[in-house]
Amino acid sequence: MSLDTQYMAELRQLYCEKNKHLEQFYEPVTAYEFYREIFPVGSFERKGVYEDQKGNGIAVTLPPKGTKGIKPGENGIALEIEGDGRAKRYMITDDLATLPDLQDTDFTIMSPISYFGNRRSGKNARFLYAMVFDLDGVGMPQLRDTLHQMESSILPKATFVVNSGTGLHLYYVLDKPVPMYPQNQKYLKELKYSLTRQIWNKFTSRIDEPQMQGIMQGFRVIGSGTKLGREYPVTAYRVGDRITLDELIEYVPDSNGEQQRIQGIIAKGKHEPWKKPGRSTRIGTSGELSRKEKRGRWGDQARSL
């Protein structure tokens, strides 16, 4: 057995151990249950009913060859721009009927955000429904300590803990969605960075340096494949309840004035008007990404989650 083969076998065994441990204490949830809780009925447009004037979810799928030729894309999406593979985008409407199409895929990501039109851009973002944190370098000791810190109120208790294959995704579903007007996007990013430094600590990850991600970051879809293969799908477990932004802010350290600074940014954001983009381009259930999107003009670095 080669070193690469042995390493992959160890990762797959660890994936199974994580699921077994999580199942002992928490309820597994299906993809539909997971996304229905994040996006309650009425969050998106009804399919084909554009008069609803609501945003939709957007998922992006990369083909199996997506491990080659990956370059930075829009808002953290990894776009394959070399070779003959094509990235596809799926519009998620209010019935969530597209979810089954995403299950049997190798690499599909989605943000807990609704968008007007067909592009995952800050300009088109309508509402943020959850804050998500990605923890890498998570073995069994780190998993146990992450859960312990949440149960002991050292860290905020996530609504869902997701086994992403080699790490964890912690979903904090908000009690009410936050409008994504520009100033709000600024304070949400600041809040996420501050909380990342709290959540990513020496007990929750074997990696010393926290990996910062923007608020638009996409995460592997529940039930789709992980880095370990389709037979090792992304799994989700219900841990806590919905949470308010004020409750999350309480976990930002105030000894150095950081909590007060975040609260000041939020106070400004609450008074800034939000405007719907002037143009809303619709697509069907899927569509090929445009050349402009493939060139990736957005600054966040793409990462394989």
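Overview of the structure. (Residues numbered from 1 in each chain as written. Predicted model: local features only at pLDDT ≥ 70, side-chain atom pairs only at ≥ 80, totals over all residues. Heavy atoms only, no water.)

1. Examining the pattern of salt bridges
Tallying each qualifying case throughout the model produces six salt bridges. With a closest N to O distance of 3.5 Å, Glu-27 and Arg-238 form a salt bridge. Of this pair, Glu-27 sits in strand S1 (residues 27-29) while Arg-238 sits in strand S14 (residues 235-238), placing them 211 residues apart in sequence. In this structure, the salt-bridge partner of Arg-238 is Glu-37, at a minimum N-O distance of 2.5 Å. Taken together, the residues span a long stretch of sequence, with Arg-238 in strand S14 and Glu-37 in helix H2 (residues 31-38) at a distance of 201 residues. The class of Arg-238 is partly exposed, set by a relative accessible area of 24%. One connected set of salt bridges, linked through shared partners, spans Glu-27, Glu-37 and Arg-238. (Salt bridge = Lys/Arg side-chain N within 4 Å of Asp/Glu carboxyl O. Helix = DSSP H or I, 4+ residues; strand = E, 2+ residues; numbered from the N terminus. Buried < 20%, exposed > 50% of the residue type's maximum accessible area, 1.4 Å probe, protein only.)

2. Focus on the pairing of S14
In this sheet, S14 lies alongside S1 in antiparallel orientation, the contact comprising three bridges. When the bridges of S14 are listed, Glu-27 appears paired with Arg-238. Alignment of strand S9 (residues 160-163) against S14, held across four bridges, turns out to be antiparallel. In the strand pairing of S14, Phe-160 is matched with Arg-238. (Pairing = 2+ DSSP bridges.)

3. Quick word on the nonpolar core
Counting 42 residues, the largest nonpolar core has Val-161, Leu-170, Tyr-172 and Leu-245 as the members making the most contacts within it. In contact with Leu-245, other than residues within four places in its own chain, are Met-131, Leu-174, Val-178, Tyr-187, Leu-188 and Leu-191. In this structure, Phe-44, Tyr-129, Val-173 and Ile-222 belong to the second largest nonpolar core, which totals 26 residues. (Core = buried A, V, L, I, M, F, W, Y, C linked by side-chain atoms within 4.5 Å. Contact = heavy atoms within 4.5 Å.)

4. A few points about empty space enclosed by the protein
Under the criterion given, the structure shown has three cavities of 30 Å³ or more. Taken as a whole, the largest cavity encloses approximately 70 Å³ of empty space. Lining the largest cavity are Val-132, Phe-133, Asp-134, Leu-135, Lys-192, Thr-196, Ile-199, Trp-200, Gln-211 and Gln-213. The set of elements that each furnish at least two residues to the lining of the largest cavity consists of strand S8 (125-135) and helix H5 (182-199). Looking at the lining of the largest cavity element by element, the count peaks at four residues for S8. Along the lines of polarity and charge, the residues of the lining of the largest cavity split into five nonpolar, three polar and two charged. (1 Å grid on protein atoms, 1.4 Å probe; cavity = no way out; pocket = protein on both sides within 12 Å on 5 of 7 lines; lining within 4 Å. Points joined across faces, edges and corners; volume = space filled by probe spheres on them. Nonpolar A, V, L, I, M, F, W, Y, C, P; charged D, E, K, R; others polar.)

5. Quick word on the sheet that holds strand S7 (residues 113-115)
One open sheet accounts for six strands, arranged S1-S14-S9-S10-S8-S7; its pairing is antiparallel. Where the open sheet ends on each side, the last strands, each with one partner, are S1 and S7. The average undirected angle you get between the axes of adjacent strands in this sheet is 35 degrees. As paired strands, S9 and strand S10 (residues 168-179) are joined by four bridges and run antiparallel to one another. Looking at S10, one finds that Val-162 is bridged to His-169. In this fold H5 packs onto S8 and S10, with an angle of close to 15 degrees to the strand it touches most, S8. (Axes fitted to C-alpha atoms, helices over the stretch in contact; angles between N-to-C directions.)

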